[in-house]
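Residue-level structural notes
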Amino acid sequence: MDGNFGLKRTARGQHSSITADSTIMTKFFAADSKVEQYADNVARSASNRTQETNDDDNDEERRVECSALKNADPKRTATANAKFHETGVFGSLCARHGVPLSFVNIVKSGEKYKYPLAVVHEIFDQLGTKNVDIMYDIGCQFEASLKRNFEDWSGRCAVGIFHAYAHKPSCQVEYNPKYISGFGMTDGEWSERLWSYMNGYIPTTRHMSSEHRILTLTIALDYFKRKRINSIGQTLVNRYKSAEKKQASTKKYMEDNRLSYAALQRKWEFHKHEILHGSLDPRMAEDTEKEEIIQRLHAACTGRWLIFDRLYNNKEALSKSVGNFYVGVY
């Protein structure tokens, strides 16, 4: 999910008497009717939210401190969008396949939480389930609002990979999709690819009436959707081949360096605990020390066996080494 503040419409464009089929007008923008249900869910600034946070809730405080949503700052948007009625579009796509799903018009405001909540509500209705994972630039902050408004939501939140590295390390280890089981190589940036295409419609829709604008954007979104669906077969083949290569190279690297998945998983848990809590758990530190001793012993033994192998393969060097050994003894 993401917002596009380039697709504005000036307040001069008046309503027209266009008689378009309602199914076409709501094909992608049906969530517009759900926005006001979540009008009280305003994206608060980081400073305001910190004051409201319980001192004992360390996880929530960590998310609050992560980043502030500048596009939702009322001081920033009031002046910049004074002459516009629709100040942008907020939308969602399938994170894996890039198929457009649901969109809303942002009206005379910034990227308030009521817009992504309305989009999520519409997606739940379309899919018939709330077991949906959400990828959003501020997913670390938005997760709490999701849980408040959809108590039976059973999905997970992640931050798109392009934005994840701008977040704090403590946020990255929990919300970077690379570190969350099940997300695989999904980057969560299909919205950016869509906006790159949709930005071509900015000049033509800027002064349209609201109905003509929605109709134009719907046609553009429908074309993008059909294009994605038609190419999805080749996309899956390419991704499968890429995954096979990555898996093979990873397996070879681990075998060459005598690494195990269990050992790497333990190291990751130690590292994550240290980032989130500032220090290692004493039990973890003890396990780490034991593991390091075992690895050193293994390396020492491996090194000696390698020497013996080389001497065995080189008879002359072996006899010379044995001769030197006896000289040294006597």
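It should be noted that the structure appears before, not after, this text.
Residues numbered from 1 in each chain as written. Predicted model: local features only at pLDDT ≥ 70, side-chain atom pairs only at ≥ 80, totals over all residues. Heavy atoms only, no water.

**Things to note about the side chain of E86**
Heads up, the rule is: Per the convention used, a helix needs a DSSP run of H or I reaching at least four residues, while a strand needs a run of E reaching at least two, with both numbered from the N terminus. Counted as a polar contact is a pair of N or O atoms within 3.5 Å, where, for protein atoms, one must be capable of donating a hydrogen and the other of accepting one, and residues adjacent in sequence contribute only when both atoms are in side chains. Any two residues whose heavy atoms approach within 4.5 Å at even a single point are treated as in contact.
As for its placement among the helices and strands, E86 is situated in strand 3 (residues 84-93). A distance of 2.5 Å separates the side chain of E86 from the side chain of R9, its partner in a polar contact. Beyond its immediate chain neighbours, meaning those up to four positions away, E86 contacts L7, K8, R9, N105, I106, V107, S210 and R213.

**Structural notes on helix 13 (residues 261-277)**
Definition in use: Every helix has an expected span of 1.5 Å times one less than the residues it contains. A simple rule labels every residue: compare its accessible area, found with a 1.4 Å probe on the protein chains alone, to the largest value its type can have, and call it buried under 20%, exposed over 50%, or partly exposed in between. Each direction from the helix axis to a C-beta atom contributes to the arc, which is the arc of those directions.
When the terminal C-alpha atoms of helix 13 are compared, their 24 Å separation across 17 residues agrees well with the 24 Å that a helix rising 1.5 Å per residue should span. For helix 13, every residue scored as buried is listed here: A263, F270, H273 and L276. Projected down its long axis, helix 13 carries its buried residues within an arc of 165°, all on one side. G278 occupies a position one or two residues after helix 13 and carries a positive phi of about 85°.

**Here's the deal with the packing of aromatic side chains**
Stated precisely, the cut-off is as follows: Whether two aromatic rings pair depends on their centres lying within 6.5 Å, for rings of Phe, Tyr and Trp, where Trp uses its six-membered ring; planes under 30 degrees apart make the pair stacked, over 60 edge-to-face, and the rest tilted. Consider the ring centre and the ring normal. A charge sits over the ring if Lys NZ or Arg CZ is within 6 Å of that centre and within 35 degrees of that normal.
Taken as a whole and judged by the stated rule, the model has 12 aromatic pairs. Look at F90 and Y136: their rings are 5.6 Å apart centre to centre, the planes differ by 90°, and that puts the pair in the edge-to-face class. With F90 in strand 3 and Y136 in the loop between strand 5 (134-135) and helix 6 (139-149), this pair connects stretches of sequence that are 46 residues apart. For Y136, a relative accessible area of 1% puts it in the buried group. Considering the side-chain rings of Y136 and F142, the 5.3 Å spacing of their centres and the 85° angle between planes classify their relative orientation as edge-to-face. For F142, a relative accessible area of 0% gives the class buried. Clustering of aromatic rings is evident, with ring pairs tying together F28, F29, F103 and W195. Lying across the ring of F84, K8 places its NZ or CZ 5.7 Å from the centre. The ring centre of W190 lies 4.7 Å from the NZ or CZ of R193, which sits over that ring.

**Some points on the pairing of strand 4 (residues 100-107)**
The test is simple: Here, any two strands with at least 2 DSSP bridges between them count as paired.
With six of its eight residues buried, strand 4 lies for the most part within the structure. Here strand 3 pairs with strand 4 via seven bridges, running antiparallel. By the bridge assignment for strand 4, L93 is matched with P100. The turn linking strand 3 back onto strand 4 is made up of six residues, and G98 within it adopts a positive phi angle of 75°.

**Digging into unusual backbone geometry**
Of note in this structure, K108 is not a glycine but carries a positive phi near 50°. With respect to the helices and strands, K108 occurs in the loop between strand 4 and helix 5 (114-127). Using a relative accessible area of 58% as the deciding quantity, one classes K108 as exposed.

**Description of a nonpolar patch on the surface**
Note the cut-off: Candidate patch residues must exceed 30% relative accessible area and have no salt bridge, after which like charges are joined if within 9 Å and Val, Leu, Ile, Met, Phe, Trp or Tyr side chains if within 5 Å. In these tables, accessible area is a Shrake-Rupley quantity obtained with a 1.4 Å probe, and a residue counts as shielded only by the protein chains included in the view. The salt bridge definition used is simple: a Lys or Arg side-chain nitrogen within 4 Å of an Asp or Glu carboxyl oxygen.
Nonpolar side chains collect at one region of the surface, where Y253, L259 and L264 lie side by side and expose about 270 Å² of accessible area between them. Among the structural elements, Y253 can be located in helix 12 (residues 232-256).

**With respect to helix 11 (residues 210-230)**
The end-to-end C-alpha separation of helix 11 is 30 Å, in line with the 30 Å expected for 21 residues at 1.5 Å each. Of the positions making up helix 11, those classed as buried are S210, E211, R213, I214, T216, L217, T218, A220, L221, D222, F224 and R228.

**What to know about the environment of H85**
When you line up the elements, H85 lands in strand 3. Along the backbone, H85 and S109 are 24 residues apart, and their C-alpha atoms lie at a distance of 9.0 Å. Those residues in contact with H85 that sit more than four places away from it in its chain are R9, T10, A11, I106, V107 and K108. Only 3.3 Å separates the side chain of H85 from the side chain of E86, close enough to count as a polar contact.

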